[in-house]
Amino acid sequence: MTNVVTVLRNGKMHYYECSDILFVEAMKGLNMAEIPGLQMFAGPANLLRNFVTKTPDFILANLLRDSMSAWVTSGAKITPVIDSAKGFTAALAGKDPDLVTLLNAGLIGGHEFTGKVQESGKDLARKLRKRAGTKTTAEKVFTPFTSVWDALEKGSTASDAATRLAVYKETLAKTGNEAEALFRAMEIMNFQRKGNSALIRILSAVTPFLNARVQGLDVIYRAGIRPIFNKDNRTAYEQAVAKAFIKRGISLMALTAMYYAMVHDDDDYLAQEEETRDNNWIIPALGVKIPIPFEVGIIFKVMPERLIAYAMGNDTGEQLLKSAYRNITSTFGIQVPQAVLPLVEVATGHSFFTGRPITPAGMEDVSKEFRVTPGTSKLAEVLGQFTSFKTATGSSVGLYPIEIDHVIKGYTGTMGTYAVDALDVLIGLNSDIQKPSKRIEQMPFIRRFALDPESRGNVTAYYELKNAVDEAVRTSNLLERTGRVEDFVEYQQENMPLLASKDYVNSLYKTLKEFNLMKQQIRTSTMDADDKRDIILAIEQSENALLGQVKDYKKMISQ
């Protein structure tokens with residue numbers, strides 16, 4: 001029987017019949033044994049979570065995402081963004097009585113107790129000393145740094161509380177039931193729901209944001225899938241939520257169709273990388289990009305947009321499949337443990353998220369120590385001198401500048417890039433060779449929301465085409481040299497558009513090599529940092545102009 005629990009006591013088996021087996025399963029999760037070595041692998045994931053979620057740009061992006069996601073999945077009659085912005089302001093001020101209710105209910109501000117009991121106890125003691133004015137000497141010395149961190153943590157907590165507060169107020173005003181209002185506010189994204197699966201707990205510990213992805217999928221399931229396929233047993237509340245989910249989801253899909261109709265032929269939109277177009281609503285006229293909610297955005301924005309683009313002939317089947325694969329894998333969040341992920345990516349030479357090489361296109365044949373771009377940090381260049389060397393056979397070993405930047409970002413996220421930018425400024429003060437200064441859309445925080453008109457989307461598309469053409473030419477030559485006449489003729493017929501593109505692709509490659517050489521010369525010159533920025537910008541504009549028709553050419557070949 002599924003509702004019978006067996007317990008071994010003093011060597012004898014005892015059987016208990018339970019009326020609520022789910023309650024028993026929940027209790028099992030409270031006594032899960034600690035896995036040796038898990039904290040070592042979980043440390044990098046926790047570090048990345050903290051360094052990402054505490055940055056101002058993430059806080060604002062999270063506010064926008066949560067607001068739109070809750071509007072679709074909660075069924076509450078809230079105004080997206082506006083009501084969440086009001087809640088964010090109230091949470092920062094800390095004077096709203098409803099906020100105190102949420103705090104007392106444990107719906108917000110409860111992330112302090114997510115580690116070991118001993119660590120949570122130490123953290124609580126530190127906060128009590130801070131309130132009592134009895135800080136230790138070490139705590140007083142580090143007060144300037146901890147104050148900044150605490151302020152960022154407050155902003156992160158306020159971002160999480162904003163939409164919950166809006167849903168709580170709306171539900172309380174509508175029903176007058178505080179328990180119902182608290183429940184709906186909690187179920188926007190219930191991070192405290194853990195389950196008793198050892199495997200999921202391990203994966204959540206070593207993979208940043210996996211728990212958020214699982215909870216997001218669960219919200220989608222409970223809001224829009226379970227009520228539809230369980231009509232006989234759904235409550236009035238579930239029915240209302242499902243109705244709102246379908247109605248608002250369809251509205252979002254309709255807006256996506258209108259959005260794509262307006263931007264699909266805009267040069268700034270087309271110049272963006274594929275993942276940038278997927279992860280944001282792009283408004284070229286304003287020069288901004290707005291992050292989409294994760295699960296809701298993929299279902300009601302990314303998928304419709306990609307299908308429309310494919311139906312209109314603006315996307316190839318390959319682009320559609322790559323987008324689907326990238327978004328599905330990122331939504332489920334299953335990946336190599338964060339403790340080794342950046343190093344594995346460096347070892348394989350590919351980013352698992354974008355699926356593209358870590359080394360910039362056009363520099364694959366350059367010795368690793370010289371793979372430096374205008375965007376490579378000075379810190380990475382300095383560290384590269386100590387972390388890399390050549391063996392007696394002449395092969396390269398260790399980490400090089402581009403790889404070091406990738407590893408730093410992989411372990412420390414956005415906050416790590418901020419720190420690297422700050423160190424670059426200090427290093428540059430003692431160097432005759434200045435790093436090109438950043439354009440306004442490349443500045444910290446701004447780059448999260450500002451559209452880069454000189455994005456590398458066209459360059460990426462060209463090198464994808466070149467790789468396909470090179471592969472077709474090499475295969476054709478091999479079949480011809482080995483005398484496989486029938487295979488050669490068949491392959492020539494099937495791949496004639498790629499083979500016929502050889503001269504066109506090679507002529508573009510020569511020009512791009514000249515552009516890359518010019519950028520390298522400018523980067524290593526003693527020119528002023530602002531002058532370097534302006535000249536490199538002009539070269540990148542020339543690159544985009546040169547490659548402006550490549551995406552159309554790829555579509556023509558695929559058809």
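Residues numbered from 1 in each chain as written. Predicted model: local features only at pLDDT ≥ 70, side-chain atom pairs only at ≥ 80, totals over all residues. Heavy atoms only, no water.

A. Focus on the overall build of the protein chain. Secondary structure assignment for the protein chain yields 26 helices and six strands. Computed over the C-alpha atoms, the radius of gyration of the protein chain is 27 Å, within 12% of the 24 Å expected from 2.2 N^0.38 for a compact globule of 559 residues. Along the first, second and third principal axes, the C-alpha set of the protein chain runs to 75 × 65 × 60 Å. Within the protein chain, the proportion of its 559 residues that are buried is 42%. For the protein chain, restricting intrachain contacts to residue pairs at least 6 apart in sequence, the fraction spanning at least 24 positions comes to 67%. Summed over its atoms, the accessible surface of the protein chain is roughly 30600 Å², and 62% of this surface lies on carbon and sulfur atoms. Taken as two groups, the 66 positive and 65 negative side-chain charges of the protein chain have centres that lie 6 Å from each other. (Helix = DSSP H or I, 4+ residues; strand = E, 2+ residues; numbered from the N terminus. Rg over C-alpha atoms; globule rule 2.2 N^0.38 Å. Buried < 20%, exposed > 50% of the residue type's maximum accessible area, 1.4 Å probe, protein only. Contact = heavy atoms within 4.5 Å. Areas by Shrake-Rupley, 256 points an atom, 1.4 Å probe, with all protein chains shown as cover. Lys, Arg positive; Asp, Glu negative; His and termini not counted. Charge placed at Lys NZ, Arg CZ, Asp CG, Glu CD.)

B. Examining the packing of helix 11 (residues 210-229) against helix 15 (residues 294-311) more closely. Taken N-terminus to C-terminus, the directions of helix 11 and helix 15 make an angle of 55°; their axes are 8 Å apart at the nearest point. Classified by the angle their axes make, helix 11 and helix 15 are oblique. On helix 15, the residues touching Ala212, Arg213, Gly216, Leu217 and Ile220 of helix 11 are Phe294, Glu295, Val296 and Ile299. Each residue belonging to the contact of helix 11 with helix 15 can be placed in one class, and the counts come to six nonpolar, one polar and two charged. (Axes fitted to C-alpha atoms, helices over the stretch in contact; angles between N-to-C directions. Parallel < 35°, antiparallel > 145°, perpendicular 65-115°, else oblique. Nonpolar A, V, L, I, M, F, W, Y, C, P; charged D, E, K, R; others polar.)

C. Layout of the pairing of strand 2 (residues 12-17). The buried fraction of strand 2 amounts to zero of the six residues, a small share that puts the element mostly on the outside. Hairpin connection between strand 1 (residues 4-9) and strand 2: a loop of two residues separates the two successive antiparallel strands, and asparagine 10 in this loop has a positive phi of roughly 55°. (Pairing = 2+ DSSP bridges.)

D. Expanded view of the side chain of serine 67. With respect to the helices, strands and loops of the structure, serine 67 is situated in helix 3 (residues 56-73). A residue is classified by how much of its surface remains accessible, and serine 67, at 0% relative accessible area, is buried. Look past the residues within four positions of serine 67 in its chain and what remains in contact with it is Pro80, Val81, Ser84 and Thr163.

E. Local environment of unusual backbone geometry. The phi dihedral of asparagine 10 is positive, around 55°, even though this residue is not glycine. Along the polypeptide, asparagine 10 turns up in the loop between strand 1 and strand 2. For asparagine 10, a relative accessible area of 75% puts it in the exposed group. Even without a glycine there, the phi angle at phenylalanine 209 is positive, about 70°. Here phenylalanine 209 is to be found in the loop between helix 10 (198-206) and helix 11. What makes phenylalanine 209 partly exposed here is its relative accessible area of 25%.

F. Region of the structure containing the nonpolar core. Within the largest apolar cluster, 28 residues are counted, with the highest numbers of intra-cluster contacts made by Val72, Ile78 and Leu252. Those elements giving two or more residues to this core turn out to be helix 3, helix 8 (143-175), helix 11, helix 12 (236-263), strand 3 (280-283) and helix 15. Other than its neighbours up to four places away in sequence, valine 72 contacts Ala244, Phe245, Arg248, Gly249, Leu252, Val296 and Phe300. (Core = buried A, V, L, I, M, F, W, Y, C linked by side-chain atoms within 4.5 Å.)

G. Fine view of a positive patch on the surface. Residues Lys77, Lys174, Lys243 and Lys247 make up a contiguous surface patch of positive charge. Turning to its location among the elements, lysine 247 is positioned in helix 12. Judged by relative accessible area, lysine 247 falls into the exposed class, the value being 62%. (Patch = residues over 30% accessible without salt bridge, like charges linked within 9 Å, V, L, I, M, F, W, Y side chains within 5 Å. Salt bridge = Lys/Arg side-chain N within 4 Å of Asp/Glu carboxyl O.)

H. Summary view of the environment of lysine 435. Within the secondary structure, lysine 435 sits in the loop between helix 19 (401-429) and helix 20 (446-449). Separated by 89 residues in sequence, lysine 435 and threonine 524 have C-alpha atoms that sit 8.5 Å apart. Residues contacting lysine 435, with those up to four places away along its chain left out, are Pro374, Gly375, Thr376, Ser377, Lys378, Asp424 and Ala529. In this structure the side chain of lysine 435 is engaged in a polar contact, spanning 3.0 Å, whose partner is the side chain of aspartate 424. (Polar contact = N/O pair within 3.5 Å; in protein donor to acceptor, adjacent residues only side chain to side chain.)

I. Representation of the side chain of glutamate 403 in the model. Within the element layout of this structure, glutamate 403 appears in helix 19. Ignoring any residue separated from it by four or fewer positions in sequence, one finds glutamate 403 in contact with Val346, Lys368 and Gly398.

J. Quick peek at the pairing of strand 4 (residues 288-291). Here strand 4 shows one buried face, formed by Lys289 and Pro291, and one open face, formed by Val288 and Ile290. Pairing between strand 3 and strand 4: four bridges, direction antiparallel. Following the sheet pairing, isoleucine 283 is matched in strand 4 by valine 288. Between the end of strand 3 and the start of strand 4, which pair antiparallel, lie four residues, with glycine 287 showing a positive phi angle near 70°.

K. Local environment of helix 11. Here helix 11 is 20 residues long and its end C-alpha atoms lie 26 Å apart, about the 28 Å a rise of 1.5 Å per residue gives. Every buried residue of helix 11 is accounted for by Leu210, Asn211, Ala212, Arg213, Gln215, Gly216, Val219, Ile220, Arg222, Ala223, Gly224 and Pro227. (Expected span 1.5 Å × (residues − 1).)

L. Up close: the pattern of salt bridges. Throughout the structure, instances matching the rule amount to 31 salt bridges. Here aspartate 278 makes a salt bridge to arginine 326, at a shortest N to O gap of 2.8 Å. Placement of aspartate 278 in helix 14 (residues 274-279) and of arginine 326 in helix 16 (residues 317-332) is noted, with a sequence separation of 48 residues between them. As far as the burial class goes, aspartate 278 and arginine 326 line up, both buried. In this structure, glutamate 318 and lysine 322 form a salt bridge, with 3.3 Å as the shortest nitrogen-oxygen distance. With a gap of four residues between them, glutamate 318 and lysine 322 both fall in helix 16, about one helical turn apart. Taking relative accessible area as the criterion, glutamate 318 reaches 49% and is therefore assigned partly exposed. On the accessibility criterion, lysine 322 (41% relative accessible area) is partly exposed. What you see here is one network of salt bridges that share partners, running through Glu274, Arg277, Asp278, Arg306, Asp315 and Arg326.

M. Geometry of the packing of aromatic side chains. Within this structure, the stated rule accounts for eight aromatic pairs. On the numbers, 6.5 Å between centres and 85° between planes, the contact of tyrosine 259 with tyrosine 269 is edge-to-face. With tyrosine 259 in helix 12 and tyrosine 269 in helix 13 (residues 267-270), this pair connects stretches of sequence that are ten residues apart. On the basis of relative accessible area, tyrosine 259 is assigned to the buried category, the value being 10%. Every member of this aromatic cluster is reached through a ring pair, and the members are Tyr259, Tyr260 and Tyr269. Sitting above the plane of the phenylalanine 294 ring, arginine 213 keeps its charged end 4.0 Å from the centroid. Positioned above the aromatic ring of tyrosine 509, the side-chain terminus of lysine 466 is 4.4 Å from the ring centre. (Phe/Tyr/Trp six-rings, centres within 6.5 Å; stacked < 30°, edge-to-face > 60°. Lys NZ or Arg CZ within 6 Å of the ring centre and 35° of its normal.)

So far we have only geometry, and geometry alone does not tell us how the molecule works.
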